[in-house]
Amino acid sequence: GSSVTELPTNTGTMYYYENSVLPIQWTALHGSGQNENLLSNIVLQYACDDTLTDSCGDEPTGNGFPFGKVSDKECFLRDGYPVNNDNGNSLNGQATSTIPENAEDQDDNRYGRHETLEYYRQCQFRSRNRGLWTADRGLGNTATHTRQNNGARYGLECPEERDYYPYWHWTPWKDIVNIVSEKECNTPLINCPRCRITKKESQNKKEKHRCVGCPNCRSFGGQPVTPQACSEEGGSWVADRSHNIDKPDCIRADFETIENSLSNSVTGENPVYNWTIPKLPSGVDSMRCVLRARYNITPGDYGEQALDGTANSENKVFDDSNEEATYLNLDAGSEGNIPLAINVNSNAWGKVYQDRSYVFEIRKRPITLTGTPNSVIHNLNVRGKRGNIVQTFPAVEYDFVPSHLTCVTGESVHVQWTGSDYNPNRNGNNGEGGPVDPVNMGNTLRTDRSNLVQMAGPGDNHPLPTLERSFIDQEYTRFDVERFFDKEATELMSFLGQDPATCTQIEELRQLFPNDQDARERYYSNCGKLNTRTPYFDGGVHRCSKIGIFHFMSTRNNNFSNRDVKTFIEVKRNFRALIIALSCVLVAGMAFGAYVYRRKKQGKPVSFRPKILPSAFANPLRKKKKAEAVAMTAIYNYEAKEANELSFEKGDTVVVTGYPSEDWWMGTSKGNEGVFPRTYVA
């Protein structure tokens with residue numbers, strides 16, 4: 001639910017409409033992008049229910065992995081949930097307990113679950129790639145052992161797949177973009193070796209292979225990783241199909257972050273990539289997904305070929321396994337010189353860091369809200385968590401994302417955010433409000449709440465009234481500011497739809513807690529602190545219709561001069577639509593001019609009176625009253641995608657009863673009514 005009581009709080013799931021634009025921002029522990037002190041790349045990927053669902057760890061038969069269903073049980077992608085035992089003691093209050101490596105616990109909701117158990121088993125069965133450089137590490141035999149990760153387990157991911165990209169076997173992850181640092185990867189990308197490899201080897205389009213049927217294929221480290229070794233072991237080299245989606249993007253970073261500086265960039269802005277949410281498969285209305293960011297850094301001494309086995313890496317990379325090797329003689333020709341010791345850990349050269357999102361949904365876009373199937377939807381969300389800059393690192397303090405949203409008239413903004421009542425404990429000066437933590441009644445500050453309230457200008461720290469007002473008194477002229485949202489939406493964004501009947505007013509709070517302001521602020525029904533709502537809020541989709549710049553803040557979290565939690569939406573005129581319209585006028589004018597010229601050359605009179613079209617070809621929009629029905633014939637099958645749409649088959653009679661937009665008409669067929677694409681009838 002969305003209302004809060006004195007009981008534990010659950011939050012809603014973030015969702016994004018297909019083809020909407022989601023800005024992805026990140027911080028990187030060391031340098032990245034165009035930083036010349038190292039090589040780096042950022043790989044963004046996502047995976048959904050279609051590749052993260054299995055039969056809860058039941059053993060597959062034959063070549064069932066990764067797509068075969070082997071039992072009636074199904075375990076899906078999910079986040080972990082806080083669970084208490086019968087005594088009220090928290091079993092995993094932070095919901096970060098690692099899922100056990102057995103089939104019995106795969107459907108236990110206290111554990112978050114991304115990759116499937118069978119996927120992890122395949123990683124255990126697979127022999128590790130012995131062409132990879134291992135530094136001075138003594139590794140095990142399976143793909144769960146890498147130079148960075150010698151057997152440790154994090155969820156059910158495969159460490160070898162996580163550490164090397166693109167991977168040489170099947171993975172549930174679909175590639176979004178590889179952001180590389182090499183100078184040669186500016187333009188054209190054909191000169192960029194990394195991007196050529198990314199697009200060629202990505203599983204988005206390329207199928208991968210594995211060995212099955214050999215005597216040791218389902219024993220730890222026994223599954224060969226090459227066709228030749230598979231044949232020698234008596235196995236079959238089978239293909240696992242590609243994801244059959246577009247090839248990933250591959251670009252050179254347009255940012256530079258600095259090492260030893262908490263990932264600050266030269267410009268002060270966080271790196272960002274604007275991801276267009278992919279379309280859902282036909283017939284699918286929604287899908288649960290998760291996002292993964294992988295950050296790789298490599299020293300420039302040798303380059304990546306020396307680390308990934310593609311350049312016969314033996315003796316290519318500095319080896320610090322022998323202590324004497326760390327002392328370098330800089331002047332070998334001099335007697336009595338002193339060698340210098342360098343501080344290096346080659347285990348960490350070519351290192352990969354990873355972060356993942358919570359589970360979110362991709363949904364079909366609401367045509368009734370956005371006008372057309374292809375109009376742009378921008379996502380406006382909240383990032384960060386409670387605390388000061390030290391406490392929140394490597395995340396950030398509360399802020400809107402994007403902090404500057406630009407749209408053009410006709411586009412839309414989807415306002416939505418989430419948070420958690422299970423964040424780590426914070427002190428009282430790091431945020432006001434509640435409600436209390438029911439597991440630890442003495443601690444009241446583990447909460448996230450946000451709202452979106454318009455201001456007069458960027459330097460303001462007070463919100464505008466919910467109504468547009470003009471005052472003669474100059475003191476109040478600041479209120480004469482055009483609003484981005486209408487009155488109803490303005491109130492929703494400000495108060496989050498809190499029910500006044502459930503709110504405790506400030507006078508009542510003073511009576512309840514006469515000498516304790518903290519207690520008043522954290523009381524669960526203090527609506528002024530937004531305490532009656534959960535951390536999740538869905539403000540809906542709103543059109544960019546008024547041209548101008550509109551400034552917003554969060555009254556809960558904006559705290560001058562500790563932190564600014566502000567954003568602004570800039571709406572520009574849609575010049576593209578204007579250019580198209582002018583082009584149409586120009587083409588029509590040229591056509592008419594050609595008509596006049598041709599008629600005069602032929603000695604015929606120029607008539608400005610249009611011919612009357614036969615009724616069979618008449619435009620039903622022309623001179624038709626809104627209520628007048630027009631019978632037409634379906635020329636294609638159409639299956640409704642939304643509840644308000646009309647389904648019909650080719651040849652059916654469709655009675656057109658209205659014209660909501662240029663592309664969508666209203667009509668009836670076989671006793672049903674709804675909207676449909678106008679190009680499906682004639």
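What counts and what doesn't
Residues numbered from 1 in each chain as written. Predicted model: local features only at pLDDT ≥ 70, side-chain atom pairs only at ≥ 80, totals over all residues. Heavy atoms only, no water. Helix = DSSP H or I, 4+ residues; strand = E, 2+ residues; numbered from the N terminus. Contact = heavy atoms within 4.5 Å. Areas by Shrake-Rupley, 256 points an atom, 1.4 Å probe, with all protein chains shown as cover. Disulfide = S-S within 2.5 Å. Buried < 20%, exposed > 50% of the residue type's maximum accessible area, 1.4 Å probe, protein only. Patch = residues over 30% accessible without salt bridge, like charges linked within 9 Å, V, L, I, M, F, W, Y side chains within 5 Å. Salt bridge = Lys/Arg side-chain N within 4 Å of Asp/Glu carboxyl O. Polar contact = N/O pair within 3.5 Å; in protein donor to acceptor, adjacent residues only side chain to side chain. Arc of directions from axis to C-beta. Pairing = 2+ DSSP bridges. Axes fitted to C-alpha atoms, helices over the stretch in contact; angles between N-to-C directions. Phe/Tyr/Trp six-rings, centres within 6.5 Å; stacked < 30°, edge-to-face > 60°. Core = buried A, V, L, I, M, F, W, Y, C linked by side-chain atoms within 4.5 Å. pLDDT = per-residue confidence, 0-100.

**Student:** Quick question: what am I supposed to make of the overall build of the chain here?
**Tutor:** The number of helices and strands found in the chain is 10 helices and 27 strands. Within the chain, contacts between residues separated by at least 24 positions form 68% of all contacts whose residues are at least 6 apart in sequence. A total accessible area of about 36200 Å² is found for the chain, and carbon and sulfur atoms account for 50% of it.

**Student:** Where do I start with the state of the cysteines in this structure?
**Tutor:** Enumeration over the complete set of coordinates arrives at 9 disulfides. A disulfide bridge connects C48 with C289, and the sulfur atoms are separated by 2.0 Å. Here the S-S torsion is close to 100°, and the disulfide linking C48 with C289 is therefore right-handed. Of this pair, C48 sits in strand β4 (residues 39–48) while C289 sits in strand β11 (residues 286–298); the two residues are 241 residues apart in sequence, bridging distant segments of the chain. Using a relative accessible area of 2% as the deciding quantity, one classes C48 as buried.

**Student:** What exactly am I supposed to notice about a nonpolar patch on the surface here?
**Tutor:** Together, L328, L330, L340 and I342 make up a nonpolar patch on the protein surface, roughly 360 Å² of accessible area in all. For L340, the location among the structural elements is in strand β13 (residues 340–341).

**Student:** What's the story with the side chain of R292 in this structure? I'm lost.
**Tutor:** Within the secondary structure, R292 sits in strand β11. A distance of 2.6 Å separates a polar atom in the side chain of R292 from a polar atom in the side chain of E161. Not counting residues within four places of it along the chain, the set of residues in contact with R292 comprises V43, L44, Q45, E161, R162, W173, Q354, D355 and R356.

**Student:** Looking at this structure, how should I read helix α7 (residues 487–495)?
**Tutor:** Quick reminder: α-helices carry 3.6 residues per turn. Residues three or four places apart thus point the same way. Within the span of α7, buried status applies to A489, T490, M493 and S494. Looking straight down α7, one finds that the buried residues subtend no more than 130° of arc, so they occupy a single side. Buried residues belonging to α7 abut β19 (412–417), β20 (453–455) and β21 (537–543). The N-capping residue of α7, defined by a side-chain oxygen 3.3 Å from the backbone nitrogen of E488, is D486. Immediately downstream of α7, the backbone of L496 shows phi near 60°, a positive value.

**Student:** Just checking my understanding: could you explain unusual backbone geometry for this structure?
**Tutor:** A negative phi angle characterises most non-glycine residues, just as the trans form characterises most peptide bonds. The amide bond that connects Y165 to the next residue, P166, takes the cis arrangement and shows omega of -10°. The omega torsion across V401 and P402 is 0°, close enough to zero to call that bond cis. On the secondary structure map, P402 appears in the loop between β17 (399–401) and β18 (404–408).

**Student:** Would you mind showing me how to read the sheet that holds β18 here?
**Tutor:** To summarise the sheet geometry, strands pair through backbone hydrogen bonds and adopt either a parallel or an antiparallel arrangement. Across the sheet, which stays open at both edges, the 4 strands sit in the order β18-β23-β22-β20 with mixed pairing between neighbours. What marks the edges here is a single partner per strand, and that holds for β18 and β20. Strand-to-strand twist of the sheet, defined as the mean angle between neighbouring strand axes without regard to direction, takes the value 30°. Of the strand pairs in this sheet, β18 and strand β23 (residues 566–572) are connected by 5 bridges, and their pairing is parallel. Considered in β23, the bridge of L405 is made with I569.

**Student:** In this structure, what is going on with the packing of aromatic side chains? I would like to understand it.
**Tutor:** The geometry of an aromatic ring pair is captured by two quantities: the separation of the ring centres and the angle between the planes. Counted according to the given criterion, the structure contains 23 aromatic pairs. Note on Y15 and Y17: the rings are 5.4 Å apart at their centroids and 80° apart in plane angle, and the pair reads as edge-to-face. Residue Y15 shares its accessibility class with Y17, and that shared class is buried. For the ring pair W26 and F255, a centre distance of 5.8 Å and an interplane angle of 75° mean the geometry is edge-to-face.

**Student:** What am I meant to see in the nonpolar core here?
**Tutor:** One recurring pattern in soluble globular proteins is that nonpolar side chains are buried together. Counting 32 residues, the largest nonpolar core has W26, L44, I176, I179, Y273, W275 and F360 as the members making the most contacts within it. Of all the secondary-structure elements, those providing two or more residues to this core are β1 (15–17), β2 (21–25), β4, β5 (174–180), β10 (272–276), β11 and β15 (360–363). For this core, the element with the most residues is β11, which contributes 5 residues. Once residues lying within four places of it in the same chain are set aside, the contact partners of Y273 are L22, P23, I24, W26, L44, I176, V177, I179, D249 and I251. In terms of nonpolar packing, the next biggest core, distinct from the first, is built from 23 residues, V413, A489, I569 and V571 among them.

**Student:** It is not clear to me how helix α3 (residues 193–201) should be interpreted in this structure. Could you clarify?
**Tutor:** Of the residues making up α3, those classed as buried are R194, C195 and T198. Down the axis of α3, the smallest arc covering the buried residues is 95°, so these residues share one side. Tucked inside the fold, the buried residues of α3 contact β4, β5 and β8 (249–252).

**Student:** Just checking my understanding: could you explain the sheet that holds strand β26 (residues 664–669) for this structure?
**Tutor:** Spatially, β24-β25-β26-β27 is the arrangement adopted by the 4 strands of the open sheet, whose pairing is antiparallel. Of all strands in the sheet, those with a lone pairing partner are β24 (630–633) and β27 (672–677), marking the two edges. With direction set aside, neighbouring strand axes in the sheet form an average angle of 40°. As defined by bridge partners, strand β25 (residues 653–658) adjoins β26 across 3 bridges and the pair is classed as antiparallel.

**Student:** Honestly, the environment of G387 in this entry has me stumped. Any pointers?
**Tutor:** Secondary-structure assignment places G387 in the loop between β16 (377–383) and α6 (389–392). For the pair G387 and Y398, spaced 11 residues apart in the sequence, the C-alpha separation amounts to 8.5 Å.

**Student:** Honestly, the pattern of salt bridges in this entry has me stumped. Any pointers?
**Tutor:** One side chain can pair with another of opposite charge once the charged atoms of both are near each other. If you walk through the whole model with that rule in mind, you get 24 salt bridges. With a shortest N-O distance of 3.1 Å, E157 and R356 are connected by a salt bridge. Of this pair, E157 sits in the loop between α1 (117–125) and α2 (159–163) while R356 sits in strand β14 (residues 351–356), and the two are 199 residues apart along the sequence. For E157, a relative accessible area of 4% puts it in the buried group.

**Student:** Honestly, the confidence of the model for the chain in this entry has me stumped. Any pointers?
**Tutor:** The predicted model of the chain has a mean per-residue pLDDT of 81, with 77% of residues at 70 or higher. In this model residues 1–6 is a low-confidence stretch, pLDDT under 50, and it forms 19 contacts with partners more than four residues away in sequence or in other chains. Throughout residues 311–315 the model reports pLDDT below 50, and contacts reaching past four residues in sequence, or to other chains, amount to 5 contacts.

**Student:** Help me out: how do you make sense of the environment of F495 in this one?
**Tutor:** Along the polypeptide, F495 turns up in helix α7. Residues F495 and R533, 38 residues apart in the sequence, show an inter-C-alpha distance of 9.3 Å.

**Student:** Looking at this structure, how should I read the side chain of T490?
**Tutor:** For T490, the position within the fold is in helix α7. From its side chain, T490 meets the backbone oxygen of F485 in a polar contact 3.4 Å long. Here the side chain of T490 touches D486 through a polar contact of 2.8 Å, landing on its backbone oxygen. Setting aside chain neighbours within four positions, we find T490 in contact with T466 and F485.

**Student:** What is the right way to read the environment of S55 from this model?
**Tutor:** Inspection of the secondary structure puts S55 in the loop between β4 and α1. Residue classification places S55 among the buried residues on the basis of a relative accessible area of 5%. Considering only alpha carbons, one finds S55 and F76, 21 residues apart in sequence, at a separation of 9.0 Å.

**Student:** It is not clear to me how the pairing of β27 should be interpreted in this structure. Could you clarify?
**Tutor:** Note: β26 against β27, 6 bridges, orientation antiparallel. Bridge pairing in β27 links T668 to E673.

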